[in-house]
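One letter stands for each residue in the lines below.
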Amino acid sequence: MESSSLQRQLANLKKSLFDQGNLDEQFYQLEELQDDASPNFVEEVVTLFFRDSSRLVANIEQAIEKCPRDYGSLDALVHQLKDSASSIGAAKMMKDCTVFREYCEKRNSEGCLRSFQKVKKEHSTLRLKLENYFQLLRQVGPAEKATRSGK
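Looking up the protein in an unreviewed UniProt entry gives the name Histidine-containing phosphotransfer protein, with the organism given as Musa acuminata subsp. malaccensis.

Asker: I tried to follow helix α6 (residues 109-140) on my own but got confused; where do I start?
Answerer: Residues separated by three or four positions in an α-helix point in the same direction, a consequence of the helix having 3.6 residues per turn. In this model α6 runs 46 Å from its N-terminal to its C-terminal C-alpha over 32 residues, within 8% of the 46 Å that 1.5 Å per residue would give. Regarding α6, its N-cap is Asn 108, as a side-chain oxygen of that residue lies 3.2 Å from the backbone nitrogen of Glu 110 further along. Directly beyond the C-terminal end of α6, a positive phi value near 105 degrees is found at Gly 141.

Asker: Whenever I open this one, the packing of helix α3 (residues 41-65) against helix α4 (residues 71-88) confuses me. Can you help?
Answerer: Each packed pair of helices is defined by two parameters, the angle between the axes and the distance between the axes. Where α3 contacts α4, the axes come no closer than 10 Å and their chain directions differ by 165 degrees. As far as their axial angle goes, α4 and α3 are roughly antiparallel. Judged by the sense of rotation from one axis to the other, the crossing of α3 with α4 is left-handed. Of the residues in α4, those touching α3 at Val 45, Val 46, Phe 49, Ser 53, Leu 56, Val 57, Asn 59, Ile 60, Ala 63 and Ile 64 are Leu 74, Leu 77, Val 78, Gln 80, Leu 81, Ser 84, Ala 85 and Ile 88. Broken down by class, the residue content of the contact of α3 with α4 amounts to 14 nonpolar, four polar and no charged.

Asker: Help me out: how do you make sense of the UniProt feature "modified residue: Phosphohistidine" (unreviewed entry) in the protein in this one?
Answerer: UniProt records the feature "modified residue: Phosphohistidine" (unreviewed entry) for His 79 in the present numbering. Checked against the element boundaries, His 79 lands in helix α4.

Asker: Any chance you could explain the pattern of salt bridges here in plain terms?
Answerer: Between side chains of opposite charge, pairing is possible as soon as their charged atoms come close. Applying the stated criterion across every chain, the model contains six salt bridges. Asp 52 is paired through a salt bridge with Arg 51; the nearest N and O atoms lie 3.1 Å apart. The exposure class of Asp 52 is partly exposed, given its relative accessible area of 27%.

Asker: I tried to follow the UniProt feature "domain: HPt" (unreviewed entry) in the protein on my own but got confused; where do I start?
Answerer: UniProt feature "domain: HPt" (unreviewed entry): in the numbering of this structure it lies at residues 38-140. The span residues 38-140 is 88% helical and 0% strand by assignment, and the distance between its end C-alpha atoms comes to 17 Å.

Asker: I would appreciate a short explanation of the side chain of Lys 14 in the present structure.
Answerer: Tracing the chain through its elements places Lys 14 in helix α1 (residues 3-19). Overall, the relative accessible area of 1% leaves Lys 14 in the buried class. Within the structure, the side chain of Lys 14 is placed 2.8 Å from the side chain of Glu 31, a separation counted as a polar contact.

Definitions and cut-offs
Residues numbered from 1 in each chain as written. Predicted model: local features only at pLDDT ≥ 70, side-chain atom pairs only at ≥ 80, totals over all residues. Heavy atoms only, no water. Helix = DSSP H or I, 4+ residues; strand = E, 2+ residues; numbered from the N terminus. Expected span 1.5 Å × (residues − 1). Polar contact = N/O pair within 3.5 Å; in protein donor to acceptor, adjacent residues only side chain to side chain. Axes fitted to C-alpha atoms, helices over the stretch in contact; angles between N-to-C directions. Parallel < 35°, antiparallel > 145°, perpendicular 65-115°, else oblique. Left-handed = near helix turned anticlockwise from the far one by under 90°. Contact = heavy atoms within 4.5 Å. Nonpolar A, V, L, I, M, F, W, Y, C, P; charged D, E, K, R; others polar. UniProt positions renumbered as here; feature names shortened; annotations may be inferred. Salt bridge = Lys/Arg side-chain N within 4 Å of Asp/Glu carboxyl O. Buried < 20%, exposed > 50% of the residue type's maximum accessible area, 1.4 Å probe, protein only.

Next comes the structure, spelled out in structure tokens:
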């Protein structure tokens, strides 16, 4: 596939991540930190996010299955996940975590379970989308750094 077509595809994919609410301005800020000395900075940060957040999701799953449920511990884990998500600009995941925390505060078991399913789904969806984005970015090359196409 020719370079301009790949660049167009990359720009459209990135735009969709923002248009669908998966990412926010923080992702652009990460991109602006990337330079020649660390050309894969954003991908490395996102990779670390998914490594750490996958562990947190697993810990939340264990905590949510405990009876009686410890809503304080569960809330603390969800708070950590929300903070991690904010570091890469994972906007939809942050919103889902906020709702989850509200259910924890209300000690609403059903709400917590539903919210957790949303958080897990968004985590998985975002991972897939960003893996595709970085794969395409590697094909296009470093020239696509920190461009705000369609924004």
